[in-house]
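Chain and residue survey
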Amino acid sequence: MREDYKSYIKVLEEELIPAMGCTEPISLSYGAARAMSLLKTKPTSVLVEASPSIIKNVKSVVVPNTGHMKGIEVAVAAGIIGGDATKGLEVIAAMSEENKEAINDFLKEVPIKIEVLNSGHIFDIRITIKGEGKDSSVVRITDYHTHITYEKSGDQVLLDFTGQASEESPTDRSFMSVEGIWDFVQAVNIDDVRAVLKRQIDYNCAIAKEGMESNYGANIGSVLLKSWGDNVKNRACAYAAAASDARMDGCELPVVIVSGSGNQGITASIPVITYAQELKVEEDQLYRALLLSDLIVIHEKTGIGKLSAYCGAVCAGAGAGAGIAYLNGGSYDDITHTIVNTLAVVSGMICDGAKASCAAKIATSVHAGIMGYEMYQAGQEFCAGDGIVAKGVEKAIENVGKLARNGMQETNNEIIRIMLD
């Protein structure tokens, strides 16, 4: 057994978790539900402090189970009224009709103030609920969607991991590499990962089917099938886009996320599943291809961070391309060149928050992933020195991380200024 075998399993268990709705507003709902559970009286006012990237990602996306409403106030109100923080990112999945109707009344009766939180953390949320008399509660979530680092009820501090790792901090990802992922995929006992991958397949295929058959967002999936035809390459793009359209438009079906993102979870899985169905591969081969795709995405995103001005669908498209290459019998060289080719093509795509156009960006990224693989099969590749492309897949991924994490900081600031103008 590889020394890092258990670490890869742990990373998958941490990352491939279900979420209903876009994860940033749902993180707000989660924090609000937790803060409400610490309050002893009826809420009289709410203060929401959030880092700029949180505000960007919540502004334009529908919050499920709210009657098709959008925004920070809606996400927080839903969490307070009907949220169950023990359910994690499915915190508002079980909202009753009475809860849904109560959201509008709460928004009218209880003032919710929003302030920008410039703490140095890209992902940072602090929710303060004041109740009757001197009653109050505070919950802070930092660095990822369910990572509570501070809790206070009244005058009593219940939890404080400010500035330090908490007991729930995720597994260190620094051990990961494309070569290590490749070796793990070959060696893994599928029974060790079957449950998380089976859930990913079931959940993400269900929302893709719902998105294709119903009217959500810009209906990118059905547009693609009608315009470009019903072939496997187009279905891979279309069904991934349809799942995103449904999710961004408030569909109440859960998604299994990757790197904290449902859209990345969709992009990493649906195209691979679509190709597996077309190629009629054995279940074992599908699971290994999904593992490859998921872990490549996680590895790429480790150097970028959870939130950035760099569209995460690009990383997921590269992962999907690698998974598709594997299904076609691709070697390690096929995988690495697919990743590099994909990143060379679409690494300029920006993230301007969660919304309907995410579906089209996903389709574009999946297409780039497939093209990256097909290029290498045709004897073509982007070489070191072609823009940000470097020699070796790890150096190429490192360069993308620098671009997204450092180079695009001001891009992110400008995107947020434009969106809030």
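Calculation criteria
- Residues numbered from 1 in each chain as written.
- Predicted model: local features only at pLDDT ≥ 70, side-chain atom pairs only at ≥ 80, totals over all residues.
- Heavy atoms only, no water.
- Helix = DSSP H or I, 4+ residues; strand = E, 2+ residues; numbered from the N terminus.
- Rg over C-alpha atoms; globule rule 2.2 N^0.38 Å.
- Buried < 20%, exposed > 50% of the residue type's maximum accessible area, 1.4 Å probe, protein only.
- Contact = heavy atoms within 4.5 Å.
- Lys, Arg positive; Asp, Glu negative; His and termini not counted.
- Charge placed at Lys NZ, Arg CZ, Asp CG, Glu CD.
- Axes fitted to C-alpha atoms, helices over the stretch in contact; angles between N-to-C directions.
- Parallel < 35°, antiparallel > 145°, perpendicular 65-115°, else oblique.
- Nonpolar A, V, L, I, M, F, W, Y, C, P; charged D, E, K, R; others polar.
- Pairing = 2+ DSSP bridges.
- Disulfide = S-S within 2.5 Å.
- Salt bridge = Lys/Arg side-chain N within 4 Å of Asp/Glu carboxyl O.
- Polar contact = N/O pair within 3.5 Å; in protein donor to acceptor, adjacent residues only side chain to side chain.
- Expected span 1.5 Å × (residues − 1).
- Core = buried A, V, L, I, M, F, W, Y, C linked by side-chain atoms within 4.5 Å.
- Patch = residues over 30% accessible without salt bridge, like charges linked within 9 Å, V, L, I, M, F, W, Y side chains within 5 Å.
- Areas by Shrake-Rupley, 256 points an atom, 1.4 Å probe, with all protein chains shown as cover.
- Left-handed = near helix turned anticlockwise from the far one by under 90°.

With that out of the way, let us pick up the overall build of the protein. When helices and strands are counted, the protein shows 16 helices and eight strands. Taking 421 residues into account, the globule formula puts the C-alpha radius of gyration at 22 Å, and the protein, at 21 Å, falls close to it. The principal-axis extent of the C-alpha atoms belonging to the protein is close to 70 × 45 × 45 Å. Buried positions account for 58% of the 421 residues belonging to the protein. Long-range pairs, those at least 24 residues apart, make up 76% of the contacts in the protein between residues at least 6 apart in sequence. For the protein, the separation between the mean place of its 38 positive charges and that of its 54 negative charges on side chains is 3 Å.

With that out of the way, let us pick up the packing of helix α8 (residues 220-228) against helix α9 (residues 232-248). Taken N-terminus to C-terminus, the directions of α8 and α9 make an angle of 155 degrees; their axes are 7 Å apart at the nearest point. The angle between the axes of α8 and α9 places the two elements in the roughly antiparallel class. Along the contact surface, α8 presents Ile220, Gly221, Leu224, Leu225 and Trp228, while α9 presents Asn234, Arg235, Cys237, Ala238, Tyr239, Ala241, Ala242 and Asp245. Residue composition of the contact of α8 with α9, by class: nine nonpolar, two polar and two charged.

Next up on the list: the pairing of strand β7 (residues 156-160). Pairing of strand β6 (residues 148-153) with β7 involves four bridges; the strand directions are antiparallel. Pairing of tyrosine 150 across the sheet is with aspartate 160, part of β7. The turn linking β6 back onto β7 is made up of two residues, and glycine 154 within it adopts a positive phi angle of 60 degrees.

Turning to the state of the cysteines, a few remarks are in order. Under the defined criterion, the tally for this structure stands at zero disulfides. In this structure cysteine 315 is not part of a disulfide, and its nearest cysteine sulfur, from cysteine 311, lies 8.6 Å away. By relative accessible area, which is 0% here, cysteine 315 ends up buried.

Any two side chains of opposite charge can pair, on the condition that their charged atoms come close. All told, the structure shown has 23 salt bridges when counted by the stated rule. Its salt-bridge partner being glutamate 398, residue lysine 402 comes within 3.3 Å of it at the nearest N-O pair. With a gap of four residues between them, lysine 402 and glutamate 398 both fall in helix α15 (residues 393-407), about one helical turn apart. Here the residues in one salt-bridge network are Glu14, Glu15, Arg173 and Lys306, joined through shared partners.

The subject of this paragraph is the side chain of aspartate 249. Position of aspartate 249 relative to the elements: it lies in the loop between α9 and β8 (255-256). As a buried residue without a salt bridge, aspartate 249 has its nearest oppositely charged side chain in lysine 70, at a separation of 6.4 Å. Reaching out from aspartate 249, the side chain makes a polar contact with the backbone nitrogen of glycine 217 at a distance of 3.1 Å. In contact with aspartate 249, not counting residues within four places along its chain, are Val62, His68, Asn215, Tyr216 and Gly217.

Over its 15 residues, helix α13 (residues 332-346) extends 22 Å from the first C-alpha to the last, a length consistent with the 21 Å expected when each residue adds 1.5 Å. Counting buried residues in α13 gives 11 out of 15 residues, a clear majority hidden from the surface. When α13 is considered as a whole, its buried residues turn out to be Asp334, Ile335, Thr336, His337, Thr338, Ile339, Val340, Asn341, Thr342, Leu343 and Val346. At its buried positions, α13 is contacted by α6 (178-187), α11 (283-302), α12 (312-327), α14 (358-377) and α15.

Attention now moves to α6. Among the residues of α6, Val178, Gly180, Ile181, Trp182, Phe184 and Val185 are the ones counted as buried. Check the buried side of α6 and you find it contacts α1 (5-15), α11, α12, α13 and α15.

This next bit is on the nonpolar core. Judged by nonpolar contacts, the single largest core of 91 residues is most densely connected at Phe184, Val193, Tyr310 and Ile339. Examining the composition of this core, we find that 11 residues originate from one element, α12, more than from any other. Residues Val58, Ala75, Ile80 and Ile92 belong to the second largest nonpolar core, which totals 43 residues.

Together, Glu98, Glu101, Asp105 and Glu109 line one region of the surface with negative charge. Mapped onto the fold, glutamate 109 is located in helix α5 (residues 97-109). Relative accessible area serves as the criterion here: at 58%, glutamate 109 is assigned to the exposed category.

So, on to the sheet that holds β7. Here six strands make up an open sheet; going across it, the order is β3-β2-β4-β5-β6-β7 and the pairing mixed. A single partner strand is all that each edge strand has here, and the edge strands are β3 (112-116) and β7. Along the sheet, successive strands turn relative to each other by an average axial angle of 10 degrees, direction set aside. Note: strand β5 (residues 136-142) against β6, five bridges, orientation antiparallel. Among the inter-strand pairings, serine 137 is bridged to a residue of β6, identified as serine 153.

Right, let's talk about the packing of helix α4 (residues 72-82) against α5 for a bit. At their nearest, the axes of α4 and α5 sit 9 Å apart, and the two run at 120 degrees to each other. In terms of axis orientation, α4 runs oblique to α5. Pair α4 / α5 crosses with right-handed handedness. Residues Glu73, Val74, Ala77, Ala78, Ile80, Ile81 and Gly82 of α4 touch α5, and the partners they reach there are Asn99, Ala102, Ile103, Phe106 and Leu107. Considering only residue class, the contact of α4 with α5 consists of nine nonpolar, two polar and one charged.

These values are about where atoms sit, not about what they do.
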